[in-house]
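# Structure assessment
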Amino acid sequence: MRYLSVFCIALLFINCKQQIATPTGLVTENAMVVSAREEASKIGSDIMATGGNAFDAMVATELALAVAYPFAGNLGGGGFIVYRKNNGETGGLDYREKAPLAAHKDMYLDSLGNVIPDMSTVGATAVGVPGTVAGVFAVHEKFGSLPIAELLQPVIDLAKRGVVVTEKQAKRIEYYHDRFVEVNGDSTKFAQAFKPGDTIKYPELAKTLTTIMEQGKDGFYKGEVAEKLATFIQEKGGFVTVEDLAKYEAKWRDPIEFDYEDLHIISMSPPSSGGVTINQIFKMIEPHDIGQFEHNSAQAVQLFTEAARRAYADRNYFLGDPDFVDIPFDVLQDDAYLHGRMADFSFDKATLSSDVGHGEIEIVESMETTHYSIVDAQGNAISATTTLNGGYGSKLYSEELGFFLNNEMDDFSSKPGVPNMFGLIGAEANSIAPEKRMLSSMTPTIVEKDGKLYLVVGTPGGSTIITAVAQTILNVHEFNLSMQDAVNAPRFHHQWLPDMVIFEPEGFANTLKEDLKSKGYIINEERTPIIGKVDAIRILPDGTLEAGADKRGDDKAVGF
């Protein structure tokens, strides 16, 4: 009887640990879109409700974000998607911006070899060749099921009808007001004050989208729109030409895939650094069983921080555009190598970043990106992250075409070893070259469990993207939080250099921070930013979908 009692208690404990967290986010039966704005999520969901698949919804959602969320949604930027079809087939699409043909390694340096302030961040000189329109047409051509007109017409209607300004959007526009005027003049659309409740209409963008709908990809990259865009950029001093636009192609790439415990994780490959880095973090923490510790406890924070420290050191040194740089994938993802990286880890004290890295390379990317997750009724899934780089990109706005241009050239190393405006110090692997894609931390990710679709997840957040995505997955898998609670949970970040841990403003006790300080960790007390805005979907055992729409933004899930 005694052995039976022990067995029953053990069985009860195992069952408790395996019990699925009760959903706290929106639950739908068939399909769902989670994005930065309700208008974009609804357009994507409606597409699926009328018979479209996840790929059709991606096209509509991506372009709707250019209307509803011009802070990061775009026609003038680029991004990545990772997909998983309902038959288990996976893939990735790279529609990251490219350096123009006129670009060269020293283009942002003066005659003395010093970085010219603002040249890679503000205005036309910062603009890379946009990839978003090529990306949506590549997806539609390969996987779309509805005519492109059915996908773009609701977006065009939204642009004509206009989008209601939220409180958060009004604050963002006010914050960037002086930059808008500096770059575009005081007659620009965004020079005026917008209050919460106002409606912003985009008739010029509606016209551009109509041309794209009628002429396809060439409606953006060739012909009248391309000529107007290239002329506009060059008149403002930039480098993008009609030839650059005509040559741009999105590129299908195999994602990074790996196992962590009983999960199979599918994430983006370079020039996104997300998949490689998240793989390293998970493989380094796996032998230590982070789930045995309390959620966001000192031990859990410490273990994750030390793995992130080592992974970011490798990320910053080795990664770049694989079409230009030889990346040692086999070494970076080798279990023995990663085990060796953690050999000097101890719960007793912090490891110094100066003892870990490959040289003085720091990376602090812009935070202003956006992510959306989609699952359709057939079980196809898309995780997509798109960006202009900075908030409203280069701040350069084409009044005639109705959209902002990126400042993605700043994601290159303007000069290896020297920080740019965002504090980014890159390695040679990420130096500028014509038609090269700049390194990114965007980490669109899909997770399988027991061979079935389990999570679709991603976030904006610059260099914090990778840690935010990793922590969200761990929150569900190791700490048994619902999807919405996993997204809401407070987050922390370490990226090798600067050698300090950043905590979000709320949710971490002073006793935790003091414990870490006593072990030699440096806590950044001054900078406590919001880390990411995760938009995610969890597939529940009965096949229904639970949303995680981040409370840190205006993010919203819509489904049916």
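Anyway, here's the lowdown on the structure attached to this text. (Residues numbered from 1 in each chain as written. Predicted model: local features only at pLDDT ≥ 70, side-chain atom pairs only at ≥ 80, totals over all residues. Heavy atoms only, no water.)

Each helix and strand in the protein was counted, giving 17 helices and 20 strands. At 23 Å, the protein has a C-alpha radius of gyration in line with the 24 Å of a compact globule built from 560 residues. Along the longest, intermediate and shortest principal axes, the C-alpha atoms of the protein span 80 × 60 × 45 Å. Looking at the protein as shown, the accessible area adds up to about 20,500 Å², and 52% of this sits on carbon and sulfur atoms. Both charge centroids of the protein, one from 49 positive and one from 78 negative side chains, sit 2 Å from each other. (Helix = DSSP H or I, 4+ residues; strand = E, 2+ residues; numbered from the N terminus. Rg over C-alpha atoms; globule rule 2.2 N^0.38 Å. Areas by Shrake-Rupley, 256 points an atom, 1.4 Å probe, with all protein chains shown as cover. Lys, Arg positive; Asp, Glu negative; His and termini not counted. Charge placed at Lys NZ, Arg CZ, Asp CG, Glu CD.)

Ring pairs (aromatic) are described by centroid distance and by the angle formed between their planes. What the rule picks out here adds up to 32 aromatic pairs. Between phenylalanine 71 and tyrosine 176, the ring centres sit 6.2 Å apart and the planes meet at 50°, which makes this aromatic pair tilted. Here phenylalanine 71, found in the loop between helix H3 (54-68) and strand S3 (78-84), pairs with tyrosine 176, found in helix H6 (residues 167-184); they are 105 residues apart in sequence, far enough to count as distant. With respect to class, phenylalanine 71 is no different from tyrosine 176; both count as buried. Ring plane angle 55° and centroid distance 5.1 Å describe the contact between tyrosine 392 and phenylalanine 404, whose orientation is recorded as tilted. Of this pair, tyrosine 392 sits in the loop between strand S11 (381-387) and strand S12 (397-398) while phenylalanine 404 is found in strand S13 (residues 403-404), placing the two residues 12 residues apart along the sequence. The pair tyrosine 392 / phenylalanine 404 is uniform in exposure class, with both members buried. Among the aromatic side chains, those forming a connected cluster through ring pairs are Tyr69, Phe71, Tyr175, Tyr176, Phe180, Phe190, Phe194, Tyr392, Tyr397 and Phe404. Between lysine 189 and the ring centre of tyrosine 202, over which it is positioned, the NZ or CZ distance is 5.2 Å. (Phe/Tyr/Trp six-rings, centres within 6.5 Å; stacked < 30°, edge-to-face > 60°. Buried < 20%, exposed > 50% of the residue type's maximum accessible area, 1.4 Å probe, protein only. Lys NZ or Arg CZ within 6 Å of the ring centre and 35° of its normal.)

On to H3. Between its first and last C-alpha, H3 extends 20 Å over 15 residues, near the 21 Å set by a 1.5 Å rise per residue. Here H3 lies mainly inside the structure; 15 of its 15 residues are buried. With a side-chain oxygen positioned 2.9 Å from the backbone nitrogen of phenylalanine 55, the residue opening H3 is asparagine 53. (Expected span 1.5 Å × (residues − 1). Polar contact = N/O pair within 3.5 Å; in protein donor to acceptor, adjacent residues only side chain to side chain.)

With that settled, consider the sheet that holds strand S9 (residues 263-267). Across the sheet, seven strands lie side by side as S1-S19-S18-S15-S14-S9-S8; this open sheet has antiparallel pairing. If you trace the sheet from one side to the other, it starts and ends with strand S1 (27-28) and strand S8 (256-260), each paired once. The pairing of strand S18 (residues 535-539) with strand S19 (residues 545-549) spans five bridges and is antiparallel. Its bridge partner being in S19, aspartate 535 is matched across the sheet by alanine 549. Against the sheet, helix H11 (residues 274-285) touches S8 and S9, its axis set at about 15° to S8. On the sheet, helix H15 (residues 465-477) packs against S8, S9, strand S14 (445-449), strand S15 (452-457) and S18 and is oriented at approximately 135° with respect to S15. (Pairing = 2+ DSSP bridges. Contact = heavy atoms within 4.5 Å. Axes fitted to C-alpha atoms, helices over the stretch in contact; angles between N-to-C directions.)

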